[in-house]
Amino acid sequence: MSEFRVAVVDAFGAAHGHVDAFGAVGGEVVQVQSTPELPFGVDPVDETRFGRVLVHDGDVDALATRLAALRPVAVLPGRETGVELADALSERLGLPTNGTRLSAARRDKYVQIETLRAHGVPAMRQLRTADETELRAWHEQLAGVAVVKPLRGYWGDGVSFCDTPEESVAALRRLRSRGTVHDEPIEEVVAQEYLVGAEYILNTVSSAGVHQLTDAWRTDRITANGVRDLVVAQVLMRCDEQPVPELAAYGRRVLDALGIRHGAAHLEIKLTPDGPRLVEAGARMSGLPYYTAELLGEGQLEWIVDAYARPERFRARAGRGYRRRHAFAWAALVAPAAGRLVRYRALDRVRELESFRDLTVLVEPGSPIGPTTYDRGYPATLTLAHPVDAVLQRDLNTVRYLDGAGMYEIE
């Protein structure tokens, strides 16, 4: 019999890892599904591994009553769709909670940035609007590139990089005509200034307002298939290498401003000529595990367990920098065209790279393929690992050389 229970709202995908992480210390996970139907973009999980499965039908109070009978020690979100419900349930049950007062700031991209500004945290310029004339005038005054996106999007869905006011208006029209990935209508969008600079990912876990940086990543990006800044690699950084300390200090200010006192967060930050600026934050664990437990000895999931089940242990260790065992990167291929994939021409050369670790082919030969964008996935992903950073970077550069139109035979 389990020693304690925790409830995870939408423990799908990488968040399903909560089952093993809490199970390793005697915990049982209750799955709370935020909607009667599975959230968009998730695959079913093995429900037999949960202690119980509760489905939210829209009545938060009734759900809280059912959950209280199971006596969980914590309620936390597994993915973006579970953030607000986890806030509401943890608050109602009197458990460690980020509360509902700033829930909107942790999900609505416009409110998020305005909340930072209100707390004195440097933030990008932006506009929330449903009016084409207002959007056009704002972009003209911006005199630069604008990023137009849904207020409550994720996975980069519906993001448009707009060089001109006319392109921003066209992006607004597209979003209003198609709705969100959750089939919710879109009336307003957020338009934000395009931040110039390298983008980084910081993953954190907090306990009673004490923040721990669990891992930091540099992202490599290209412009392809009409998408500016398409992510093609994420490289694990050492906690003491520049600019991680500067980013971490800024990240702590972001967490405080957004009221993230408990649990995991995923911060996307650009280092601009004017300093760090938040792109967006998620009050939940990172969407991919990134093999952190193997690379660092422990990762975000292990720190989450301590934050909720062993807070004394968390506080005793918080503030220590993580130690990277070797250089590591995740990378992706980018398909250039649509059709039927006949074959990959150079995957064998990718496998021969000195730092090559593994390869996952997501589009098999014989299958339909489309140009990779934010809305269309990568045809293949791979991981690289090596004791020497320079070797890993050389191999990442070689992957980019091998990838491209010449990699794919497409009918």
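Residues numbered from 1 in each chain as written. Predicted model: local features only at pLDDT ≥ 70, side-chain atom pairs only at ≥ 80, totals over all residues. Heavy atoms only, no water.

Participant: Mind showing me how you'd approach the overall build of the protein here?
Facilitator: Looking only at helices and strands, one finds 12 helices and 19 strands in the protein. Computed over its C-alpha atoms, the radius of gyration of the protein comes to 22 Å, within 12% of the 22 Å expected for a compact globule of 411 residues. When its C-alpha atoms are laid out on the principal axes, the protein stretches across 60 × 55 × 40 Å. Split into buried and exposed, the 411 residues of the protein put 54% on the buried side. The long-range share in the protein, meaning contacts at least 24 apart out of those at least 6 apart in sequence, stands at 66%. Approximately 17,700 Å² of the protein is accessible, and the part contributed by carbon and sulfur atoms is 49%. Positive and negative side-chain charges in the protein, numbering 48 and 57 respectively, have mean positions lying 3 Å apart. (Helix = DSSP H or I, 4+ residues; strand = E, 2+ residues; numbered from the N terminus. Rg over C-alpha atoms; globule rule 2.2 N^0.38 Å. Buried < 20%, exposed > 50% of the residue type's maximum accessible area, 1.4 Å probe, protein only. Contact = heavy atoms within 4.5 Å. Areas by Shrake-Rupley, 256 points an atom, 1.4 Å probe, with all protein chains shown as cover. Lys, Arg positive; Asp, Glu negative; His and termini not counted. Charge placed at Lys NZ, Arg CZ, Asp CG, Glu CD.)

Participant: Got a minute to help me understand the domain arrangement of the protein in this structure?
Facilitator: How big an interface is tends to be expressed through the accessible area that disappears when the partners come together. For the protein, the assigned domains read domain 1 (4–101), domain 2 (125–193), domain 3 (197–320) and domain 4 (328–410). Between domain 2 and domain 3, the C-alpha centre-to-centre distance is 26 Å. Listed by partner, the interface residues are four residues for domain 2 and four residues for domain 3. Interface area for domain 2 against domain 3, summed over the two sides, is near 390 Å², with a carbon-plus-sulfur share of 41%. The largest per-residue losses of area from domain 2 upon contact with domain 3 belong to Lys149, Phe161 and Asp163, which jointly make up 76% of the total buried on that side. Joining domain 2 to domain 3, the criterion identifies two salt bridges. Arg228 serves as the salt-bridge partner of Asp163, at 2.5 Å between the closest nitrogen and oxygen. There are two residue pairs in polar contact (both at pLDDT 80 or more) connecting domain 2 and domain 3. Taken together, the residues of the side of domain 2 that touches domain 3 sort by class into two nonpolar, no polar and two charged. (Domains from an automatic or database assignment. Buried area = accessible area lost by both parts, 1.4 Å probe. Salt bridge = Lys/Arg side-chain N within 4 Å of Asp/Glu carboxyl O. Polar contact = N/O pair within 3.5 Å; in protein donor to acceptor, adjacent residues only side chain to side chain. Nonpolar A, V, L, I, M, F, W, Y, C, P; charged D, E, K, R; others polar.)

Participant: What exactly am I supposed to notice about the sheet that holds strand S12 (residues 263–272) here?
Facilitator: Picture the strands of a sheet paired through backbone hydrogen bonds; they go either parallel or antiparallel. The eight strands are arranged S13-S12-S9-S10-S11-S14-S18-S16 in an open sheet whose pairing can be described as antiparallel. Sheet topology places strand S13 (275–282) and strand S16 (356–361) at the edges, where each strand pairs with a single neighbour. Recorded for the sheet is a direction-independent mean angle of 25° between the axes of neighbouring strands. Where strand S11 (residues 227–236) lies against strand S14 (residues 327–332), three bridges are found, and the strand directions are antiparallel. What sits directly across from Ala233, in S14, is Ala331. (Pairing = 2+ DSSP bridges. Axes fitted to C-alpha atoms, helices over the stretch in contact; angles between N-to-C directions.)

Participant: Mind showing me how you'd approach the packing of helix H5 (residues 132–142) against helix H6 (residues 165–178) here?
Facilitator: The axes of two packed helices give the description: the angle between them and the distance between them. Running from N to C, H5 and H6 point in directions that differ by 145°, and their axes come no closer than 8 Å. When the axes of H5 and H6 are compared, the crossing they make is right-handed. Along its contact with H5, which presents Glu132, Leu135, Arg136, His139 and Glu140, the element H6 presents Pro165, Glu166, Ser168, Val169, Leu172 and Arg173. Classifying every residue of the contact of H5 with H6 by side-chain character gives four nonpolar, two polar and five charged. (Left-handed = near helix turned anticlockwise from the far one by under 90°.)

Participant: Honestly, the environment of Val363 in this entry has me stumped. Any pointers?
Facilitator: Residue placement: Val363 occurs in the loop between S16 and strand S17 (368–369). When its relative accessible area of 15% is taken as the criterion, Val363 is described as buried. C-alpha separation for the pair Val363 and Gly404, spaced 41 residues apart in sequence, amounts to 15 Å. Not counting chain neighbours up to four residues away, the residues in contact with Val363 comprise Leu341, Tyr344, Pro368, Ile369 and Pro379.

Participant: What exactly am I supposed to notice about the packing of aromatic side chains here?
Facilitator: Here the distance between the centres and the angle between the planes together describe a pair of aromatic rings. Applying the stated criterion across every chain, the model contains seven aromatic pairs. For the pair Trp303 and Phe314, a centre-to-centre distance of 5.2 Å together with 90° between the ring planes defines the contact as edge-to-face. A residue pair is termed long-range when its members are at least 10 positions apart, and Trp303 in helix H9 (residues 300–309) and Phe314 in helix H10 (residues 311–317) qualify at 11 residues. Overall, the relative accessible area of 5% leaves Trp303 in the buried class. Judged by relative accessible area, which is 0%, Phe314 ranks as buried. Aromatic rings pair up to connect Trp217, Tyr291 and Phe328 into one cluster. (Phe/Tyr/Trp six-rings, centres within 6.5 Å; stacked < 30°, edge-to-face > 60°.)

Participant: What should I look at first to understand the pairing of S13 in this one?
Facilitator: A regular strand places its side chains so that they alternate between the two faces of the sheet. Across the eight residues of S13, eight count as buried, placing the element largely inside the fold. Judged from the seven bridges that link them, S12 and S13 form a sheet pairing that is antiparallel. Each bridged residue has a counterpart across the sheet, and for Leu267 the counterpart in S13 is Ala281. Connecting S12 to the next strand, S13, in antiparallel fashion are two residues.

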